[in-house]
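Summary of the model geometry
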Amino acid sequence: MKGRLSMAPLVYVALLMTPVYWLLVMSFKTNAEIGGGLTFLPHAVNLENYALIFSDPDWYMGYVNAVIYVLLNVAISVMVALPAAYAFSRHDFFGHRGLFFGLLMFRMMAPAILLAPFVQIFSDLGLIDTHIAVAIAHCFFNVPLAIWILEGFISAIPREMDESARIDGHGILSFMGRILIPQIAPGIAVAAFFCFMFSWIEYMLANALTTIDAKPIAGIMTRAAGVMTGDLALLSAASVLGLLPGLILIIFMRKYLATGFSMGRVL
Amino acid sequence: MSGRFTVFLLLLPALLVMTVSGVVPAGFIAFYSLHDTFAGNSFVWVGPQWYVSVLSSPEFWWALARSLGYSALVLLIEVPLGIYIALRLPAAGPWAAVLIVLLAIPLLAPQIVVGYLFKVMTMPRIGLLHAIFTAMGPGLDMNNKAVVWAVLLLMDAWHWTSLVVLLCYAGLRAIPQAYYQAARIDGAGRWAIFRHIELPRLRLVLLIAILLRLMDSFMIYAEAYVVTRGGPGVSTTFLSHELVQTATIQFDLGEGGAMSILYLLIVVAISWAFFSLIVPRRERPA
């Protein structure tokens, strides 16, 4: 493969970015200007929409709430997946393949399927409208995925490393903390990236399990919308801000995005 | 660090979390699907009644057909396009980094934002897509079923093709240069290199990409709903819309439960087929 730049990806990325640019332009307009027709530059950069979002806790807490439950979910998913992935990678126990596929089966369930039971369970537990409820609900698709990703990374490390660690007197916890985790840091980053992604974009459960105190921005946007009659300029600004946490994460992760996704062997 | 008890301890945290967030809710669904309820708190055993009523409902079969068709089209578009873009991306350098960051942006766009973006893009007078198609001649008639499907597929491709690109790109970077050198010495053409070197080495990342895209497109909900509300008519009412309508809006937990279980059986069967096709039984080192 030569390193020359071909046109196809440039054109493709330009097409991908066109709607994003268009959204950004709309977010700087007033509603009157949006209604006046399509332009590719705003008459003037109008920051009113952003000012409103940043001054109204009903709006900006939506981002805070979403970030809180997403980070909680990422932390839980990666922490419980790591030892499980290690077990799947290193131990050939009875029912290994079946259990692995069984876990993956949950990744194949959809939020729409589990919506009704989740509402009932979290109501019974008094956890409706809490961040932890959403974080736990999102585990059903993120834990299996994190195990799948981490298993590949752990399997890429020779077993001799475990042996020499045992000879050096490391117990299981100190082995994980001091040797395994630093070795598979890129894998942990990739797993965390995927968990963040799927939890951050999910709408149905996050919206249904929250009412006020833990309502994510997506739920606030829907409530404010009724898109046809809604405040398009404000919703565009809210959407642009909804892309920002992802963008920040991507910029931090760019090294791993390019190289860290080859997940070794599967099952 | 060996022995059954250690394995059990290592798996325990994940199994506990999955019990709460997966097994118990799934159990609820199985329970709903075999019971009838009036207020949601007293349940009467009704056997397979709900399964019979779901399986004899034409709405279920049509929604299933639409969902299967949608997933099939999504895979047919996104997988080849994703592989192609991944092959043409520069292997290294500042351009590679910039393009990859930009490619990843749609992946982290919340479903509501994606739906909203494409909804507004199709609106007359102010919408970008509407303007483009009007300028090109045919216009964008959101009451036309084919047009609405095309918009949804475009939206899905915008949101998710990058996932296939990133996974394949990483897979390609993992192929040793020696393979390409050997191919060049043998005088292999571009297609032969792709067919005999790159594609086989992309098998596992493609499996991941296909499974993730299949599952998530099969149960697409929020994005499609924001754009089309399931219409025109019921032409974009997918399985998830049918399910949410049944289980949480009409509060027919039994019928919703039966639909969920049937959905699960379908998905597990498809996934298992893909698995067996693409992944041979792993030979474990002794």
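Just so it is clear, the model here is predicted, and its values are computed rather than measured.

The secondary structure content of chain B amounts to 13 helices and two strands. Considered along the principal axes of its C-alpha atoms, chain B spans approximately 75 × 70 × 30 Å. Partitioning the contacts of chain B with sequence separation of at least 6, the portion at a separation of at least 24 is 71%.

With that settled, the discussion passes to the overall build of chain A. Scanning chain A from N- to C-terminus turns up 14 helices and zero strands. Each helix and strand of chain A, placed in order from N terminus to C terminus, yields the pattern α-α-α-α-α-α-α-α-α-α-α-α-α-α. Reported as C-alpha extents along the three principal axes, the dimensions of chain A are approximately 70 × 60 × 30 Å. When the 267 residues of chain A are sorted by exposure, 50% land in the buried category. Partitioning the intrachain contacts of chain A with sequence separation of at least 6 by distance along the chain shows that 81% fall at a separation of at least 24.

This part covers the domain arrangement of chain A. Residue and element names in this part refer to chain A. Entries for chain A in the domain assignment read domain 1 (1-46) and domain 2 (50-259). Between the C-alpha centres of domain 1 and domain 2 the distance comes to 30 Å. Facing eight residues of domain 1, the contacting portion of domain 2 comprises seven residues. Within the residue set of the side of domain 1 that touches domain 2, elements represented by two or more residues are helix 1 (7-27) and helix 2 (31-35). No other element matches the four residues that helix 1 contributes to the side of domain 1 that touches domain 2.

Before going further, it helps to examine the interface of chain B and chain A. With 86 residues of chain B at the interface, the matching set in chain A holds 85 residues. Take the side of chain B that touches chain A: its biggest share by element is 16 residues, from helix 1 (residues 4-33) of chain B. Among the residues forming the side of chain B that touches chain A, the class breakdown is 68 nonpolar, 11 polar and seven charged.

Our next topic: the UniProt feature "domain: ABC transmembrane type-1" (unreviewed entry) in chain B. The positions that UniProt labels "domain: ABC transmembrane type-1" (unreviewed entry) are, in the present scheme, residues 64-274 of chain B. Between the C-alpha atoms that bound residues 64-274 of chain B there is a distance of 19 Å. The span itself is 77% helix and 0% strand.

With that settled, consider the UniProt feature "transmembrane region" (unreviewed entry) in chain B. Residue and element names in this part refer to chain B. Per the UniProt record, "transmembrane region" (unreviewed entry) is annotated on residues 68-87, 94-118, 146-172, 204-222 and 261-279. The distance separating the terminal C-alpha atoms of residues 146-172 is 36 Å; by composition the span is 100% helix and 0% strand. Note that residues 204-222 is 84% helix and 0% strand, and that its end C-alpha atoms are spaced 29 Å apart.

It is worth spelling out helix 5 (residues 96-108) of chain A at this point. Between its first and last C-alpha atoms helix 5 of chain A spans 19 Å; for 13 residues at 1.5 Å apiece the expected length is 18 Å, and the two agree. Listed in full, the buried residues belonging to helix 5 of chain A are L103, L104, F106, R107 and M108 of chain A.

The next subject is unusual backbone geometry. All names here are of chain B. Cis rather than trans, the peptide bond between G231 and P232 has omega equal to 0°. Position of P232 relative to the elements: it lies in the loop between helix 11 (222-228) and helix 12 (239-249). Located in the positive-phi region is R125, a residue other than glycine, with phi close to 70°. Within the secondary structure, R125 sits in the loop between helix 5 (111-121) and helix 6 (128-136). On the basis of neighbour count, R125 is assigned to the exposed category, with 12 C-beta atoms found within 10 Å. Of note, the phi angle at R229 is positive, near 50°, even though the residue is not glycine. Positionally, R229 belongs in the loop between helix 11 and helix 12. Since 12 C-beta atoms lie within 10 Å of it, R229 is described here as exposed.

The rules behind the values
Along each chain, the written sequence defines residue order, and numbers are assigned to residues from 1. The lettering of chains begins at A and the numbering of ligands begins at 1, in the order of writing. Local features in this predicted model are restricted to residues whose pLDDT is 70 or higher, and side-chain atom pairs enter the listing and the counts only when it is 80 or higher, whereas totals over whole chains, interfaces and linings include all residues. Put simply, DSSP marks the helices as runs of H or I at least four residues long and the strands as runs of E at least two long, and each gets a number from the N terminus on. For every residue pair, C-beta atoms are placed from the backbone, and the pair is scored as a contact if these atoms sit within 7 Å. Exposed residues have 12 or fewer other C-beta atoms within 10 Å of their own C-beta, buried residues have 20 or more, and residues in between are partly exposed; the C-beta atoms are placed from the backbone. Residue ranges assigned to each domain were obtained from an automatic or database domain assignment. Put simply, Ala, Val, Leu, Ile, Met, Phe, Trp, Tyr, Cys and Pro go in the nonpolar bin, Asp, Glu, Lys and Arg in the charged bin, and everything else, Gly too, in the polar bin. UniProt positions are given in the numbering used here, feature names are shortened, and annotations may be inferred rather than shown by experiment. Expected helix span is given by 1.5 Å per residue-to-residue step, counting one fewer step than there are residues.

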